[in-house]
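Descriptive analysis of the structure
One letter stands for each residue in the lines below.
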Amino acid sequence: MKRKLIAAIGVAGMMAGLAACGDSETASNAKPEDRKENLTVWLMVDAQSTWPELVKDVNAQFKKKYPNVKVNVQYQGWADKAKKLDTALGGDKFPDVVELGNTETMQYILNGALAEIDPKKYENSDTWIQGLTDTCTFEGKQYCVPYYAGARVAVYNQEMLKKATGSDALPETEDAFLKAMDKVSKEYGEKDKRYSSLYLPGRYWYAAMSYVAAYGGQIAEYDEGSKEWKGTLSSPESQKGIQHFIDLVKKYNKADLTKDEQDHANVMANEKAGVIYGNGWEAGSVVDGKNNGNAKLEGKIATAGMPGPEGKALPSFIGGSDLGIVEKSKAKDLAEEWVSLFTNEKSMEVLASKNILPNNTKQLEPLKEKPETAAVANAVPDAWFTPIAPGWTSIEKEEVLKNMLLQIIKGDSVEKAAKAADAKIDELINKG
C-alpha cells in the first residue's frame, strides 16, 4: 500500500515537495558558510521548560558550521499542535522539523507529510528503542527519528501508604498491592467519601488496555486470510483484562467513574487519591505548585512499577516523541543534520540527566538502576502499543475504546460492549 496524500497537502503540496527536493540537493552542494536558508523547528513546550539548554547548545553547534543559516525554534502546546500543523502543511509556511507524539506519527506518514529518513545517518540508531522505531516505520521504511521515551507507572503518596500500612514501599504483587489499597481506603476513605486509594477513571483506555495486554489480549490483529485488521477486544483474553480493570474501577474509584485520566494528577495533588497510574513525569506535575500541583507534597510522591495480575508487572503503553522532517521542506539536509545533533548520544545524556528516558537502550540501561527512573525505565522494554495499522491514525479510534468502557460502567456486559467495539474497529481501522 502506497502512502496517500490528504487533501490538506494536495497536488500543490506534492509539487512543492518535489521542488523542495531539488532545492535541497542544489543547496547541499554549497559550502556550509555559503548556506543562507531559514530552518524552522517545532518542538513541544517540554523542551522549552525542562531542557532549554540542550536546544541552545544544539543551535550553537549548528551555527558554528552554518553561520548564515537561521534556526527558528517554535514551541507548541499539545492541545492545538495537530490543528496548527495540519493548517501549516496545507499552506506555504510550515516547519522543516516537527516533534510528534508517537501516537501521531502514522497519520503523517500515511498522508505523505514526512520525508523518509536513513537511520544510518543517526547516532545510536542500532539501539533505538524498538517501540519508538516501530511508530516511525511503515512498509519497511522509516519516516521519523526517536526522540525520547515514556511509560506509565504507579505514582503514589508515600506518606499515605506508610500511615495506612506501616511501609512507604509499594508492594510488588497485585494481591499485596490491593490489600494495601484496602488499608489506605479504610484510613482515609472513612473521613472523605470522595477519596480513592487507587484512582482509576472509568474511561482511562490506556490503563484498560494495559490489563488487556496483561492477560494476553490486544486491541486488534492483522488477519492474513482477509488481509485486513480485525478487532479482538471480544476475545476471551481481552474480555478478562477489561473485566479486571472495570472491577478495580468500581471498587476503588470513589469519584466520577465516567471521567478519563486527563486530570488525575490534579486529583492526587488535591490529596483525593493515594495511587494513580500515570506517566512517570506526572509525579512532578503532582507537586508543581505553578501548574495546579501541590508543593506541600514535595518529597512525598514516588513512582514504582504497577503490579499486574498473575504475579507480573502491569504491561505499560510505550509513550514518547519522535522528530520528523517535513516532505515539503526546502532544506531537508539541514533539517537532517539538526535532528542528528539533537538526538545524538551527547544530547541524550542531557535528557537522561533530567530523568527523561533517552531514545536508545544503551543509555536507558543505567536509568533502570537509578531510583528516580527505575520504575519507568524498566517498564519500557516490554511495553505495548496501539495497532500499527494504516487505519489507526486518529482520535476517533480512541473514542471507540473510551465509549466501550463507558457503556460497561453504565451497565452493559463486557461481552456486549467489546463485540460492539470490535465491529466499530473493523469499520474504522481498515479505512487507511
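To be clear, the structure that these remarks concern was listed above.
Residues numbered from 1 in each chain as written. Predicted model: local features only at pLDDT ≥ 70, side-chain atom pairs only at ≥ 80, totals over all residues. Heavy atoms only, no water.

**Notes on the overall build of the protein chain**
Within the protein chain one finds 18 helices and 13 strands. A globule of 432 residues ought to have a C-alpha radius of gyration of about 22 Å, and the protein chain, at 23 Å, matches this closely. Taking the principal axes of its C-alpha atoms as reference, the protein chain extends roughly 70 × 50 × 35 Å. Taken over 432 residues, the protein chain has a buried fraction of 53%. Residue pairs in contact within the protein chain that sit at least 24 positions apart in sequence constitute 76% of those at least 6 positions apart. Only carbon and sulfur atoms are counted for the fraction: they give 49% of the accessible area of the protein chain, which is about 19500 Å². The protein chain carries 55 positive and 63 negative side-chain charges, and their two centres are separated by 4 Å. (Helix = DSSP H or I, 4+ residues; strand = E, 2+ residues; numbered from the N terminus. Rg over C-alpha atoms; globule rule 2.2 N^0.38 Å. Buried < 20%, exposed > 50% of the residue type's maximum accessible area, 1.4 Å probe, protein only. Contact = heavy atoms within 4.5 Å. Areas by Shrake-Rupley, 256 points an atom, 1.4 Å probe, with all protein chains shown as cover. Lys, Arg positive; Asp, Glu negative; His and termini not counted. Charge placed at Lys NZ, Arg CZ, Asp CG, Glu CD.)

**Here we look at the sheet that holds strand E2 (residues 70-76)**
An order of E2-E1-E3-E13-E6 is seen for the five strands of this open sheet, with the pairing classed as mixed. Where the open sheet ends on each side, the last strands, each with one partner, are E2 and strand E6 (145-150). Across the sheet, the mean angle from the axis of one strand to that of its neighbour is 20 degrees, orientation sign disregarded. Of the strand pairs in this sheet, E6 and strand E13 (residues 319-325) are connected by five bridges, and their pairing is antiparallel. (Pairing = 2+ DSSP bridges. Axes fitted to C-alpha atoms, helices over the stretch in contact; angles between N-to-C directions.)

**Some thoughts on the environment of glutamate 224**
Within the secondary structure, glutamate 224 sits in the loop between strand E9 (220-223) and strand E10 (228-231). Taking the C-alpha atoms as reference points, glutamate 224 and glycine 411, 187 residues apart in sequence, are found 35 Å from one another.

**Looking at the state of the cysteines**
Taken as a whole and judged by the stated rule, the model has one disulfide. Across a sulfur-sulfur distance of 2.0 Å, cysteine 136 and cysteine 144 are joined as a disulfide pair. Across the S-S bond of cysteine 136 and cysteine 144 the torsion is about -110 degrees, and the bridge reads as left-handed. As far as the burial class goes, cysteine 136 and cysteine 144 line up, both buried. (Disulfide = S-S within 2.5 Å.)

**Quick word on helix H18 (residues 414-429)**
Helix length check: H18 (16 residues) gives 21 Å between terminal C-alpha atoms against 22 Å at 1.5 Å per residue, within 8%. Those residues of H18 that are buried are in contact with E9, E10, helix H10 (236-252) and helix H17 (395-409). (Expected span 1.5 Å × (residues − 1).)

**Thoughts on the sheet that holds strand E7 (residues 152-157)**
Across the sheet, which stays open at both edges, the four strands sit in the order E8-E11-E7-E12 with mixed pairing between neighbours. Each having just a single partner strand, strand E8 (196-199) and strand E12 (301-304) make up the two edges of the open sheet. In this sheet, adjacent strand axes meet at a mean angle of 25 degrees when their direction is disregarded. Of the strands in this sheet, E8 and strand E11 (273-279) touch helix H8 (residues 174-189), which is tilted by about 140 degrees from E8.

**Brief notes about the pairing of strand E1 (residues 38-44)**
Extensive coverage of E1 is indicated by the burial of six of its seven residues. Pairing of E1 with strand E3 (residues 97-101) involves two bridges; the strand directions are parallel. What sits directly across from valine 41, in E3, is valine 97.

**Quick notes on the pattern of salt bridges**
Tallied over the full model, the rule gives 20 salt bridges. Measuring nitrogen to oxygen at the nearest pair gives 2.9 Å for the salt bridge that ties arginine 35 to aspartate 333. Placement of arginine 35 in the loop between helix H1 (10-28) and E1 and of aspartate 333 in helix H13 (residues 332-342) is noted, with a sequence separation of 298 residues between them. In this structure, the salt-bridge partner of lysine 65 is glutamate 337, at a minimum N-O distance of 2.7 Å. Linking lysine 65 in helix H3 (residues 52-65) with glutamate 337 in helix H13, this pair joins segments that are 272 residues apart in sequence. Residue glutamate 337 is classed as partly exposed on the basis of its relative accessible area, which comes to 22%. (Salt bridge = Lys/Arg side-chain N within 4 Å of Asp/Glu carboxyl O.)

**Quick notes on the packing of aromatic side chains**
The way to describe two aromatic rings as a pair is by their centre distance and the angle between their planes. Applying the stated rule across the entire model yields 16 aromatic pairs. Where tyrosine 147 meets phenylalanine 342, the ring centres are 5.3 Å apart and the plane angle is 50 degrees; that geometry is what we call tilted. Separated by 195 residues along the polypeptide, tyrosine 147 in strand E6 and phenylalanine 342 in helix H13 bring together distant segments of the chain. The exposure classification of tyrosine 147 matches that of phenylalanine 342, with both residues buried. For lysine 84, the ring lying beneath its charged end belongs to tryptophan 42, and the centroid distance is 5.8 Å. Directly above the aromatic system of tyrosine 206 lies the positively charged group of arginine 152, at a separation of 4.0 Å from the ring centroid. (Phe/Tyr/Trp six-rings, centres within 6.5 Å; stacked < 30°, edge-to-face > 60°. Lys NZ or Arg CZ within 6 Å of the ring centre and 35° of its normal.)

**With respect to the side chain of threonine 386**
On the secondary structure map, threonine 386 appears in the loop between helix H16 (374-379) and H17. Given a relative accessible area of 5%, threonine 386 falls into the buried group. Look past the residues within four positions of threonine 386 in its chain and what remains in contact with it is Trp205, Ile219, Phe317 and Trp392.

**Re the nonpolar core**
If you look at the biggest cluster of nonpolar residues, it comprises 56 residues, and the most contacted ones within it are Met209, Phe245 and Met404. Apart from residues no more than four positions distant in its own chain, methionine 404 is found in contact with Met209, Leu233, Ile242, Ala417, Ala418 and Ala421. By size, the runner-up hydrophobic cluster in this structure holds 33 residues, among which are Tyr66, Ala115, Tyr147 and Leu341. (Core = buried A, V, L, I, M, F, W, Y, C linked by side-chain atoms within 4.5 Å.)

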